[in-house]
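Residue-level listing of the chains:
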Amino acid sequence: MEEKIDTAEKKVLADIVKLAQKRGLRGKLGDWREFLDSHDKQFGTRLSDPSKRPHELLATFLKSFSKEEDLKFFDNIMRHHENQYMLERLKDKSLESPEQGWIVINVKTKPKVMKSTTMLAVDCEMVLCEDGTDEVVKVCVVDHNLEVKLNEFVKPNKKIVDYRTEITGISSQDLEAVTCSLADVQKSMKKLLSKGAILVGHSLHNDLRVLKLDHVRVIDTSYIFQSTDGPMHRKPSLNGLCQAVLGRAVREKGAPHNCLDDACAAMNLVLAKIKHGVDREFPISLPQERVPESDTTKLFLHKIPNNVNTEALHTIVPGEFRTELQSTRKVQGRHYSALAVFKNTQEAEDAYEKVQGIQLKDNQGRPQKLVTFLTSKGMPVTLYVRKMVSDEPTVQNGSNKRALQTDEAVDVSKKAKIDKNTEEDAPSCDAHLNEIEALNQRLKQSELEIESLKKELSQKDFEISALHKMVESLNKIRWKRDKALQKV
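Description of the structure in this document. (Residues numbered from 1 in each chain as written. Predicted model: local features only at pLDDT ≥ 70, side-chain atom pairs only at ≥ 80, totals over all residues. Heavy atoms only, no water.)

### Focus: the pattern of salt bridges
Part 1 of the reasoning: What the rule picks out here adds up to eleven salt bridges.
Part 2 of the reasoning: Two residues, Arg164 and Asp134, come together in a salt bridge whose shortest N-O distance is 2.8 Å. Here Asp134 lies in strand S3 (residues 134–143) and Arg164 lies in the loop between strand S5 (160–162) and helix H6 (165–168), a separation of 30 residues in the sequence. Of the two residues examined, Arg164 and Asp134, each falls in the buried class. (Salt bridge = Lys/Arg side-chain N within 4 Å of Asp/Glu carboxyl O. Helix = DSSP H or I, 4+ residues; strand = E, 2+ residues; numbered from the N terminus. Buried < 20%, exposed > 50% of the residue type's maximum accessible area, 1.4 Å probe, protein only.)

### Comments concerning the nonpolar core
Part 1 of the reasoning: Among the nonpolar cores identified, the biggest contains 31 residues, and Val122, Met189, Leu199 and Leu213 are the most heavily contacted of them.
Part 2 of the reasoning: Looking at this core, the elements with two or more residues in it are strand S2 (119–129), S3, helix H7 (182–193) and helix H8 (204–211).
Part 3 of the reasoning: With six residues, S2 is the single largest residue contributor to this core.
Part 4 of the reasoning: If you look at the next biggest cluster of nonpolar residues, it comprises 23 residues, including Val142, Val245, Cys264 and Met267. (Core = buried A, V, L, I, M, F, W, Y, C linked by side-chain atoms within 4.5 Å.)

### Side note on the sheet that holds strand S14 (residues 335–341)
Part 1 of the reasoning: Here we have six strands laid out as an open sheet, ordered S13-S14-S12-S17-S16-S15, and antiparallel in their pairing. Only two strands of the sheet have a single partner each, and these edge strands are strand S13 (322–325) and strand S15 (358–361). Strand-to-strand twist in this sheet, taken as the mean axis angle between neighbours without regard to direction, amounts to 30 degrees.
Part 2 of the reasoning: Sheet analysis places strand S16 (residues 367–374) next to strand S17 (residues 380–387), joined by seven bridges and oriented antiparallel. If you follow Gln368 over to S17, its bridge partner there is Arg386. (Pairing = 2+ DSSP bridges. Axes fitted to C-alpha atoms, helices over the stretch in contact; angles between N-to-C directions.)

### What about the packing of aromatic side chains?
Part 1 of the reasoning: Inspection of the entire model under this criterion finds seven aromatic pairs.
Part 2 of the reasoning: A ring pair is formed by Trp32 and Phe35, whose centres lie 5.9 Å apart and whose planes are at 20 degrees; its orientation type is stacked. With Trp32 and Phe35 both in helix H3 (residues 32–39), this residue pair falls three residues apart, about one helical turn.
Part 3 of the reasoning: Aromatic pair Phe321 and Phe342: ring centres 5.2 Å apart, planes at 45 degrees, arrangement tilted. Of this pair, Phe321 sits in the loop between helix H11 (313–316) and S13 while Phe342 sits in the loop between S14 and helix H12 (345–354), and the two are 21 residues apart along the sequence. We note that Phe321, like Phe342, is buried.
Part 4 of the reasoning: Three or more aromatic residues joined by ring pairs make a cluster, and in this case those are Trp32, Phe35, Phe61, Phe65, Phe73 and Phe74.
Part 5 of the reasoning: A cation over an aromatic ring shows up here: Arg23 above the ring of Phe73, its NZ or CZ 3.9 Å from the ring centre. (Phe/Tyr/Trp six-rings, centres within 6.5 Å; stacked < 30°, edge-to-face > 60°. Lys NZ or Arg CZ within 6 Å of the ring centre and 35° of its normal.)

These figures come from the coordinates and say nothing about function on their own.
This is how it looks when you write it as structure tokens:
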């Protein structure tokens, strides 16, 4: 309880003291007025209003109580204030406008468009920006005839720190003369989708997130097939699906992505599913690739705040390991990521098990933990520690095109739903539950940081109060000295 009292807002403490007065509660130092007489010789009970007293004085009085019923009463008042605070926050959120920059394709008021069978497939390539976010740099859209409807490079309005050229196939030279903005692409997408077209894609939430596009009629190819090897615990790669369903790969192993090819591949997968029969099972045998042994010796650390240096990572992850940053330097944004490389797989496994944190899974089904710790300055921060492979089998169904980056809290499209007429297997809600849990932890973390700042402010308030007393004391001494000089 003492810790709660120390970190509580001054307003909360003042309310508790007022209610304690009304109830006639007495601590080891007496009631409020008796406490003031003994602890403040200067003002005493002349300034009895708790709201005008410093935090430190209120806390000292409340910490003089030890009876269980009194402490329970204080705790109930604190909880009441916390509930009010959360309610106000929820009210504020409910009045907010949609997230800045997002557009919503509103087809709910147009019943006719919901019968549209027009399909468009989309794929985007993304880069890493200095604030730790992904931004789209190329977008391609094709129709069911594989006719290109949109094929544009996009100029981000943020500084790019990693083009991921080995994955995206895009370099800085490709964007030098580009003037097309995200807003321009959104206008084109809205025009294409406004008549109720169904949007197709692979791991579509990634594309909708960077496009900041909210559309309800979607088909995600990572959910519409079943494996003959049993349930697919993780999303299959686009390349793996194309090999299994179409009999050909989208690209050679190790080759960079081609935005247009990937959009066409997603459309071909859906057309194959429709041709086979939407209501009929379409079992497939996915090509199995053994997980490289080198990956099993690593742990992936991401969403690391930039004020946490790599040396501090050794206090979070136990064992002996070397650190490999995932970029040439820490970007000047809010977060960075790194690999913890151990001598062997067993050491990596043991280290992960000993990491203290909330057990979650990323959107690829790989185990990760949300870790909360205090910096050297006493500020609470969070980061994620993730295994490089799933715990399920020793098999990996191909890598996602943003294998490392997509873990950093799955930002699914806000209201994206699989259209009931074209989709058989609804996606599991586990990823959403994990995301909600992670967001709850971040909220708690933010509240801890706020409480820490409030504590600092309270300390400053106390120091200012002490300085005022010193000034008053010095003024009295000066007044007495001046009076004595006048008599002389």
